[in-house]
Each structure stands twice: as C-alpha cells, then as structure tokens.
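As a plain string of letters, each chain reads:
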Amino acid sequence: MSEMGEEKSELSNAERLWRIRHSASHVLATAVLEVFPEAKLAIGPPIENGFYYDFDLPRALTPDDLEDIEARMAKHVKANDAFETWTSSVDEAIAYFEQRDQPYKIELIRDLAAAGETEVRFYKNGPFVDLCAGPHAPRTGACKAFKLLKVAGAYWRGDSDRPMLQRVYGTAWKNKTDLAAHLELLEEAKKRDHRKLARELDLFSFQKISPGAVFWHPKGWTIYSELKRMSLELHKANGYVEICNPLIYSKSLFETSGHWDHYNEHMFKLESEGETFCVKPMNCPDTMMFYKRRKHSYRELPLRVAEFQTLHRNELSGALNGVFRVRQFTQDDSHIFCTEEQIEQEIGNVVSMIDHVYGLFDLTYQVKLSTRPADFMGEPALWDRAEAALASALTAHGLEYRVNEGDGAFYGPKIDFDVLDSLGRKWQCATIQLDFQLPRRFELAYTAADNEAKTPIVVHRALFGSLERFIGILVEHVAGAFPTWLAPVQAIFLPINDACAAACHDAARVLLDAGLRVEVDDRSEKLGYKIREAELAKVPHMLVVGAKELEAGTFALRTYQGGDQGSVTLDELRALLLKKVETREFDVTLKKIEWSTEDDDEQVEHGSAY
RNA sequence: GCCGGCGUAGCUCAGUCGGUAGAGCAGCGCAUUCGUAAUGCGCAGGUCACCGGUUCAAGUCCGGUCGCCGGCUCCA
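No experiment lies behind these values; they were computed from the predicted model shown.

Caption draft 1: Molecular detail of the packing of helix H2 (residues 13–35) against helix H3 (residues 63–79). Two elements in contact, H2 and H3, have axes whose closest approach is 8 Å; the angle formed by their N-to-C orientations is 120 degrees. It follows that H2 is oblique to H3 by the angle criterion. Every pair of crossing elements has a handedness; the one defined by H2 and H3 is right-handed. Residues Ala24, Val27, Leu28, Thr30, Ala31, Val32, Glu34 and Val35 of H2 form the contact with H3, whose own contacting residues are Asp68, Ile69, Arg72, Met73, His76 and Val77. Each residue belonging to the contact of H2 with H3 can be placed in one class, and the counts come to 9 nonpolar, 2 polar and 3 charged.

Okay, here's the thing in structure tokens:
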C-alpha cells in the first residue's frame, strides 16, 4: 500500500493520465468481451486525450452497442478491480491465446519472439486478461472519468492488405471535471470547423460535380489572393524569381522524373492523338525543364525559382477532407538549385521565411526532421552531410524538432512543419525537402569554377504548403475572424437612416480609393440589425453614422466583438486601416483551443503498449 | 480505396404504422427611417441526392450509384 502511494506521488501528471487511458482501454475490452465473447482482440493503446481498442467482431457496432458497452465499463470501474501482472514464456503465452482463439495476440507474441523476447507480460483486471507491456493504474477505479466517442474502421497493423477491424475510441481523464472540460472543448472545436465557417461566411464551397476541388467565392478568394500576394512579395524579397509553366505534359516528362513509375495512380491522365498526357501533380519536373533550357554557371547559384501553379492529385475518395485534403490545390512552391556547400544557408533562409509567415498569424507548428530511409538513393556520406546541414539550420534558428529516423524520402532528407486543426488533427503545411535524385534524372548541370560540369542539388520547399490547406487551418485558427489585412470586408458603414447614407458612401469611396475593402449597409433596417449582421460576418470595423456624426463630421467606430470605440475622423480611420494592412498586423483576439500539450515522444516510449 | 454513419427548401432541422411535404432563419414584396447583436405583415421556395425494385400507394421498406462526415491507408 505504501509502495503504491509512493509510486503515485512520483508519477508525473502526464504519466498518470497515460496509465489511466491505457487502463481504460483494457476496461473497454473487458466490456466488449462480455457482449461479444467471440470477439478477436487486436491492440488497445492509450493515445492523446484518450484510448482505443481494435476488435474483430461478428457484426458492426451500433451507437446502442456503445451505450451498452459504456454502461458495462462503468460497472467494472466501480468494481475497482486491481491490475495484476506477471510474465510467462513465449510458448505458454501462445498456448494461452490459442486456447482462446486469439490469432492477433498470437501474431504479436510471435513478432516479439522474433525480436528476441523470451518472456511476455500479462495484465489482468477482473475477468479480463491481456497481453500487455503496461504499465497500468493500480485499479480500474482510476478510470472513472471516461466516455466512448466513436467507432471507426482500422486495418490490422495499419496494413491495407490485412483485415479491417473495428476501432472504438474513447477519452479518459483523471476526474469528471477534466472530462467535462474536454467534452466542452470538442463542442467548441466543432463550431470553428472550417467547413461550417466557410458556409456561414460565404468563403468557398464544394459541389458534387467536382469532388475534392474548391469553389472559391468572392470573400474566400479575397483571402486567397491576399495570402498569395504576401507570399510572392516575401519570395521576391528573398531573391526568388517566379515562373509559370503548363499544367499538362506528355507522360514522358513523368517517366524522366520517376512519377510515372511511382506516382501513376495519383495522376489524372488524358489521351490526345494517341499520346498520353498527365495533369501535373507537382511543380518539380517542369521546373527541372526550366533549368535545363540552357547551361548554367556556378555564379548563378543558388537559383531560387518559385512556381505557384495549380496541381491535381487523384487522392482516394475516402481521404478527401474539406479544404485540408483536396484533389486540386496550389502550393507556394519553389525549387532552389544550389551546391552542397550552399545547403545550410539556403535551408536557414527558408526556415526564416517559414517562421516569419507563421509568426504573422501567431500559429505554432511542430517540426520533424526525417532522415535516410532503408531504400535511399545516393551516397551515404552526402546524406550524412545533408542531414547535419538541416539539423544545424534548425538549431541555428532555435527550433525544437523531432527526428523521424528513416522517414525521409528515398531522394533526400526533409523537414516537415505540422500545424494542428481545430479538432487537434495534425496537418503538414510547410516542408523543406532535399533532392539528390531529380537533378541526376534530368541530367542537370552547372559549370563550376574549375570549368567542370557538376550536378546541382535541388531543394523543394513550400511555406504555406498548399494555399487551400493553409486557409483551412487559418479559418479555424482565427475562428473565422480574420486580421484586417485579410478580412474580405475590412470596414462597413452603418448609416442610421437614409439621410446619413450619402455621407457613408462618400467616406467609403475615399477608403476604396485607398485600396481598402469597404461596404455600406444602407438597407432600411434598424441599427441593431445591421450591427448583428456585421458581427456575424465578423467584419473587423463598423462605422456607425447618425445625425450626431453627420454634424461633427466623424464616424462612431465599433470593432468586432470590441464594442463602441468612440469617434474617429475619416483621415484617422483611413490611416488606422492602412497601417494595419501595410504592417499585416495580426489584430485578432484569439481564444485558442489548447489540445493536450503532451508530446508524441512520450507515447512512442510506450510503443509496446498493446 | 477500405470500415461505419449520414443525405428532406440556400441554411438548421421536423415528418408517427408506407397514404402524395412542414417550421424557423435566409430570399422576394410592402410598410417602417430606427443610436450599438434580430421591426411587422405578406409571398415564393422541394424530381425528399440519383437510378432501379417491392407495393394499390415509397421521403419512409429493399438493392445499386454518387457525394459528404468520422476513422484507416496515403499525403500538401
């Protein structure tokens, strides 16, 4: 008892939660086995904010089943059974699960044995015994604050060639208050879903006639255009040139690049006069052609070439997701042709640009450095030097990053920047990828100082990643209330009666001429109604004009969710708005959604927890 | 693509046992000229996603297709 108490006090909060969640997954399996004694168990690990367990069941689970299972789980939690643990030999363990007809468990044990384990660990709570490395909470009573959330399909061992199992997801916390807070967070998060906000704010839509492609409405397109303009400005200031190449190419281009062999099923193809053409899924192959059009001197390097062209990728229908995962999109893409010596400085410059862009929106990101995979191409020594250059550029910018060993592309190591959406899902946005292969495949060269032909290195990189995905992230990040420089309508005049309308139109004209996006709501509605609509449209600045203002020649400024800000003159107003636009001020009061700050690293340490 | 769920007016949603479709908001018209989050009255709006089947009769039951949502896989 005292031992247990000591153990408890030494554990970090995160570790305790981790054990509660892991234990909850066992309690879930306990309940599922009651309902389906013939259930085949796969794995049931803790995850961020909760847990899941994968089952092979005779039929699909219904919401009613979940309720029933949840009620049974509550009984096992109330019973407060102790988690007991022991080890047994591989053979005994296999015999145990053979007797119970649990093929997935047997496969796991065989893999452990193949990895050199001679003993495996078991955990038992009440009637339920599972293969498990642990650790667990002392008793099932620790799982008192849980809720089952959803059931989804998941391939056994994540392999699309293996059986599809049913995965039950749940969330678990140390007490009911935390659970309630988390459920409330989920509700809040749903409200800022970019698909919902896009409809409410009339930014963009999707239509059945072109799945996975965005129909941009005037307001959404304004945001898109402003972002693109900002990005281009930044690129030009950083020594990039911009090109624009075709969308459609003979398949021979992709045979040269390797896409025809490795990316075929993702490309849209067309036939014309017996020849096969492909709609480009990436900008790299045609940018190689741009480089190749003539000879280059080492003096031209690094050569930074931007191309923001439209791309098409035939993504699996089930993978499409709002604006986060589409079939047609545009990257703020560039390719840097450079020498090996220039890599570190170039990467450093790109990291600065990324940091600048994300800083404009107070967006936080997670950095991953992916290193040489098993099936790499090129010389190991070059890989080592390149990986070191990437790491050093990240360190120089004070960025914390995680190393994903062996997760690089076969053609080079890369740095990925992940951003979370409103539901806490990670989406890759910015990316920096070194490429040793493409220049070889396209036989690119530059003439070095010694008059020898050398092969340049290519850096693929994007800041936003795709404009579409980034805008989706942004919509959710600011909950639809954009900073003034991006707001589709930056200011709206609200005349109180018809007599004030003319002054509003005159003032609006002045601001429009200054390049601002301004509207006048001169409908015969009451002020409260107009304010309500402007607030719902999340217009950052509202200018109320009545008899008082007409006489004083001023405007009563009201800001989005900020209330009455007092009177301003037209000159003051114009200066205020222009300053915000020119400095791209992030004038948004964020109510951030804070998902768990646990790092995945912590989860990886318990990787054997099934 | 796979597993599960869903698809009724522009949006959010009702629609009982199978008996021929309803509300609020938005839209349109008229009235109202109003001081910081919803003025009133009226009108219009539907191949119930699509195709097929069962039935005297289908929004409702069955099958297929498409799309969307949550996951898995894959990726920006």
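This is not the end of the story, as more comes after the structure.
Caption draft 2: Broad picture of the pattern of salt bridges. Under the criterion given, the structure shown has 39 salt bridges. The shortest N-O distance in the salt bridge between Asp193 and Arg195 comes to 2.4 Å. Judged by its relative accessible area of 32%, Arg195 is partly exposed. A cluster of three or more residues bridged by salt bridges with shared partners is formed by Glu107, Asp111, Arg157 and Arg162.

Caption draft 3: Representation of the packing of aromatic side chains. Under the criterion given, the structure shown has 25 aromatic pairs. Measuring from centroid to centroid gives 6.0 Å for Phe376 and Trp383, while their planes differ by 80 degrees, and the two rings are edge-to-face. Seen in terms of ring centroids, Phe493 and Phe555 are 5.5 Å apart; in terms of plane orientation they differ by 70 degrees. Their pairing is edge-to-face. Linking Phe493 in strand E25 (residues 491–495) with Phe555 in strand E28 (residues 555–559), this pair joins segments that are 62 residues apart in sequence. Summarising the burial analysis for this pair, Phe493 and Phe555 share the class buried. Through successive ring pairs, a cluster of aromatic residues spans Tyr358, Phe361, Tyr365, Phe417, Phe464, Phe470 and Trp485. The lysine or arginine in question, Arg21, covers the ring of Trp173, its NZ or CZ lying 4.5 Å from the ring centre. When the ring centre of Phe376 is taken as origin, the NZ or CZ atom of Arg372, which lies over that ring, is 5.1 Å away.

Caption draft 4: Molecular detail of the environment of Asp68. Looking at where Asp68 falls in the secondary structure, it is placed in helix H3. By relative accessible area, which is 30% here, Asp68 ends up partly exposed. In this structure the C-alpha to C-alpha distance between Asp68 and Val35, which are 33 residues apart in sequence, comes to 8.6 Å.

Caption draft 5: Main features of the packing of helix H12 (residues 343–359) against helix H13 (residues 380–396). Packing of H12 against H13 brings their axes to within 9 Å, and their N-to-C directions diverge by 40 degrees. Classed by the angle they form, the pair H12 and H13 counts as oblique. In terms of crossing hand, the pair formed by H12 and H13 is right-handed. Contacts between H12 and H13 pair Ile343, Glu344, Ile347, Gly348 and Val351 from the former with Ala389, Leu390, Ser392, Ala393 and Leu394 from the latter. Split by residue class, the contact of H12 with H13 holds 7 nonpolar, 2 polar and 1 charged.

Caption draft 6: Inspection of the domain arrangement of chain A at higher detail. The domain boundaries assigned to chain A delineate domain 1 (2–192), domain 2 (215–477) and domain 3 (491–582). Each of domain 1 and domain 2 was reduced to a C-alpha centroid, and the two centroids are 40 Å apart.

Caption draft 7: Geometry of the nonpolar core. By size, the foremost hydrophobic cluster in this structure holds 68 residues, and its most contacted members are Leu227, Ile347, Tyr358 and Phe361. With near-sequence residues (within four places) excluded, Tyr358 lies in contact with Leu363, Tyr365, Val419, Cys429, Ala430, Leu463, Phe464 and Phe470. Phe51, Met73, Val77 and Phe146 belong to the second largest nonpolar core, which has 25 residues in total.

Caption draft 8: Examining the protein's contact with RNA strand B more closely. Taken together, 57 residues lie near RNA strand B, and Tyr155, Ser317, Arg325, Gln428 and Arg532 sit nearest. Sugar and phosphate atoms form 50% of the subset of RNA strand B atoms that lie within 4 Å of the protein. The side chain of Tyr529 places a nitrogen or oxygen atom 3.5 Å from a phosphate oxygen of RNA strand B. Here a base oxygen of RNA strand B and a backbone polar atom of Lys548 are 3.0 Å apart. Those elements that provide at least two residues to the surface near RNA strand B are strand E7 (145–155), strand E8 (164–173), helix H7 (194–200), strand E17 (328–338), strand E21 (426–435), helix H17 (527–536), helix H18 (547–552) and E28. With 7 residues, H17 is the single largest residue contributor to the surface near RNA strand B. Partitioned by chemical class, the residues of the surface near RNA strand B number 22 nonpolar, 16 polar and 19 charged.

Caption draft 9: Highlighting a nonpolar patch on the surface. Taken together, the side chains of Leu247, Ile248 and Leu270 present a nonpolar region at the surface, about 220 Å² in accessible area. Locating Ile248 in the fold gives a position in strand E12 (residues 248–250). Accessibility expressed as a relative area gives 43% for Ile248, which makes it partly exposed.

Caption draft 10: Structural detail: the sheet that holds strand E27 (residues 541–545). A sheet is described by the order of its strands in space; here 5 strands give the open sequence E26-E25-E27-E28-E29, paired in mixed fashion. Two strands close off the open sheet at either side, each with one partner strand: strand E26 (518–520) and strand E29 (563–568). Taken pair by pair, the neighbouring strands of this sheet meet at an average axis angle of 25 degrees, ignoring direction. By the bridge criterion, 4 bridges tie E27 to E28 in an arrangement that is antiparallel. Looking across to E28, one finds that His541 is bridged to Thr559. Packed onto the sheet, helix H16 (residues 498–513) meets E25, E26, E27 and E28 and runs at close to 165 degrees relative to E25.

Caption draft 11: Just the sheet that holds strand E13 (residues 269–272), in detail. Within the open sheet, the 3 strands sit side by side as E12-E14-E13. Their pairing is antiparallel. Each end of this open sheet is capped by a strand with a single partner; those strands are E12 and E13. Across this sheet, the average inter-strand angle for adjacent strands is 35 degrees, counted without regard to direction. Where E13 meets strand E14 (residues 275–279), 4 bridges bridge the pair, whose relative direction is antiparallel. Along E14, the bridge assignment pairs Ser272 with Glu275.

Conventions and cut-offs
- Residues numbered from 1 in each chain as written.
- Chains lettered and ligands numbered in written order.
- Predicted model: local features only at pLDDT ≥ 70, side-chain atom pairs only at ≥ 80, totals over all residues.
- Heavy atoms only, no water.
- Axes fitted to C-alpha atoms, helices over the stretch in contact; angles between N-to-C directions.
- Helix = DSSP H or I, 4+ residues; strand = E, 2+ residues; numbered from the N terminus.
- Parallel < 35°, antiparallel > 145°, perpendicular 65-115°, else oblique.
- Left-handed = near helix turned anticlockwise from the far one by under 90°.
- Contact = heavy atoms within 4.5 Å.
- Nonpolar A, V, L, I, M, F, W, Y, C, P; charged D, E, K, R; others polar.
- Salt bridge = Lys/Arg side-chain N within 4 Å of Asp/Glu carboxyl O.
- Buried < 20%, exposed > 50% of the residue type's maximum accessible area, 1.4 Å probe, protein only.
- Phe/Tyr/Trp six-rings, centres within 6.5 Å; stacked < 30°, edge-to-face > 60°.
- Lys NZ or Arg CZ within 6 Å of the ring centre and 35° of its normal.
- Domains from an automatic or database assignment.
- Core = buried A, V, L, I, M, F, W, Y, C linked by side-chain atoms within 4.5 Å.
- Near = heavy atom within 4 Å.
- Polar contact = N/O pair within 3.5 Å; in protein donor to acceptor, adjacent residues only side chain to side chain.
- Patch = residues over 30% accessible without salt bridge, like charges linked within 9 Å, V, L, I, M, F, W, Y side chains within 5 Å.
- Areas by Shrake-Rupley, 256 points an atom, 1.4 Å probe, with all protein chains shown as cover.
- Pairing = 2+ DSSP bridges.

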